[in-house]
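Fold and contact review
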Amino acid sequence: MGNMTKRKPRIAVFFGGEANTRDLSLETGRAVSTYMPRSQYDVIPVHVNEQGEWQVPLGSLPASGSAERAMEMLQAAVPALSPAQALPRLLSREPDAFFTLLRGVGGDDGRIQNLAETVGAANVGSPSLTCVTTADKQACARAIGMVALTPVSLPVPQRAEPEEAAATLPEDFSYPLFVKPNAAEGSTGVSRVEKAEDLPAAIAAAQAVGDVLLQEEQPGTEMTVTVFEDHTGRIRVLPPTIIQPKVATYFDSLAKRRGGRVALVTAKTAEPETARAMEVARDVYLALGCQGVATIDMVMHGNDVDVLEVNTVPTITAHTPLLGQLAAAGLHPSQFVDSVVQAALQR
């Protein structure tokens, strides 16, 4: 938006947001703001509270010192405004790019990305239409059907009676099942159900978020792969992380927040199994028209890969895989953040 020939690019970083994934977004927002080289960029941290109000500072983070401490001070001092009131305040700063780390509303659903496209700012991430597709698990499965396998899913509308939906489960569906909202992030509302009597309650819990999908548990190795476009325009695939069950049988919501529930194992060198996963992840990224960072969750069994979901908003926390993947690839987080921001500004 602004004239970058006479100043550093200004990057608006959105973080916080809705309650279910707020903690992950807050930690990621602090990490990205810390790792973004402030000698090269003016970072404008835009905190979004649980009510959807924005806190837009009239200044940027200082070029040195603790980004986290500066963000706390700004959050305490800056008024919370409705998006309609806050947007002119943000645009007065002439941001050159929007980097949304919100999950759900404002992030995965493509709203902030669409806003960036509307006001003419670069978008550090996938286009809004791609985000709309990936946020809907059924739509995403249809979109990648030519390049990847996806689990068979039985949809259950939010308005359906849980008892009736459970009673009409097809005979060829076998337990354990996963019950998950069709559109939710951070494993919100996801349950693993081992017996029929527990299914209605799991459906009801997921319906609190929206429409529901029932999926048979896929045999094999759970893993996650991160793909991103770097500043040279190259599509890079980071080493996959294998999710090894410990206390939890899968990478559930608590495992994303607490250590010890699963083991996250990322190898520096690709085995044939993980090489196949990397190939599928790259194909999915391209088929969906992703840009920036995307994380593809999958299950590998033999040479087959079932793609479970695609996330177009990165999560950088102590208990999620990305930092380990970067370390295995020999990339410092600052290099990574700098590269994806540069790529967005050059598009």
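Residues numbered from 1 in each chain as written. Predicted model: local features only at pLDDT ≥ 70, side-chain atom pairs only at ≥ 80, totals over all residues. Heavy atoms only, no water.

Digging into the sheet that holds strand E9 (residues 212–216)
- One open sheet holds the four strands; their spatial order is E6-E9-E7-E8, and the pairing between them is antiparallel. In this open sheet, the two edge strands, each paired with only one partner strand, are strand E6 (153–156) and strand E8 (191–193). Neighbour-to-neighbour, the strand axes of this sheet turn through a mean angle of 25°, independent of strand direction.
- Contacting E6, strand E7 (177–181), E8 and E9, helix H8 (residues 199–207) crosses the sheet at an angle of about 20° to E7. (Pairing = 2+ DSSP bridges. Helix = DSSP H or I, 4+ residues; strand = E, 2+ residues; numbered from the N terminus. Axes fitted to C-alpha atoms, helices over the stretch in contact; angles between N-to-C directions. Contact = heavy atoms within 4.5 Å.)

Concerning the pattern of salt bridges
- On inspection of all chains with the given rule, the structure shows 15 salt bridges.
- Of the charged contacts, one joins Glu194 and Arg192 as a salt bridge, the two residues approaching to 2.5 Å between their closest N and O atoms.
- On the basis of relative accessible area, Glu194 is assigned to the exposed category, the value being 54%.
- In this structure, Arg261 engages Asp252 in a salt bridge whose closest nitrogen and oxygen atoms are separated by 2.6 Å. Residue Arg261 shares its accessibility class with Asp252, and that shared class is buried.
- By sharing partners, the salt bridges in this structure join Arg192, Glu194 and Glu217 into a single network. (Salt bridge = Lys/Arg side-chain N within 4 Å of Asp/Glu carboxyl O. Buried < 20%, exposed > 50% of the residue type's maximum accessible area, 1.4 Å probe, protein only.)

Focus: helix H4 (residues 111–119)
- If you check which residues of H4 are buried, you get Ile112, Gln113, Leu115 and Ala116. The buried residues of H4 occupy one face: seen down the axis, they fall within an arc of 160°. Set apart from the buried face of H4 by more than 90 degrees, the exposed residues are Arg111 and Thr118.
- Against strand E1 (10–16), strand E3 (54–55), helix H3 (83–91), strand E4 (97–100), strand E5 (122–123) and helix H5 (128–135) lie the buried residues of H4. (Arc of directions from axis to C-beta.)

Describing the packing of aromatic side chains
- Within this structure, the stated rule accounts for four aromatic pairs.
- An angle of 75° between the planes, with centres 5.2 Å apart, marks the rings of Phe14 and Trp54 as edge-to-face. Here Phe14, found in strand E1, pairs with Trp54, found in strand E3; they are 40 residues apart in sequence, far enough to count as distant. Residue Phe14 shares its accessibility class with Trp54, and that shared class is buried.
- With 5.0 Å between their ring centres and 85° between their planes, Phe228 and Phe336 make a pair best called edge-to-face. Of this pair, Phe228 sits in strand E10 (residues 221–229) while Phe336 is found in helix H11 (residues 333–346), placing the two residues 108 residues apart along the sequence.
- Phe336 gets classed as buried once you look at its relative accessible area, which sits at 3%.
- Each residue in the set Phe14, Trp54 and Phe98 is aromatic and connected to the rest through ring pairs, giving one cluster.
- Lying over the aromatic face of Phe251, Lys256 brings its terminal NZ or CZ to 4.2 Å of the ring centre. (Phe/Tyr/Trp six-rings, centres within 6.5 Å; stacked < 30°, edge-to-face > 60°. Lys NZ or Arg CZ within 6 Å of the ring centre and 35° of its normal.)

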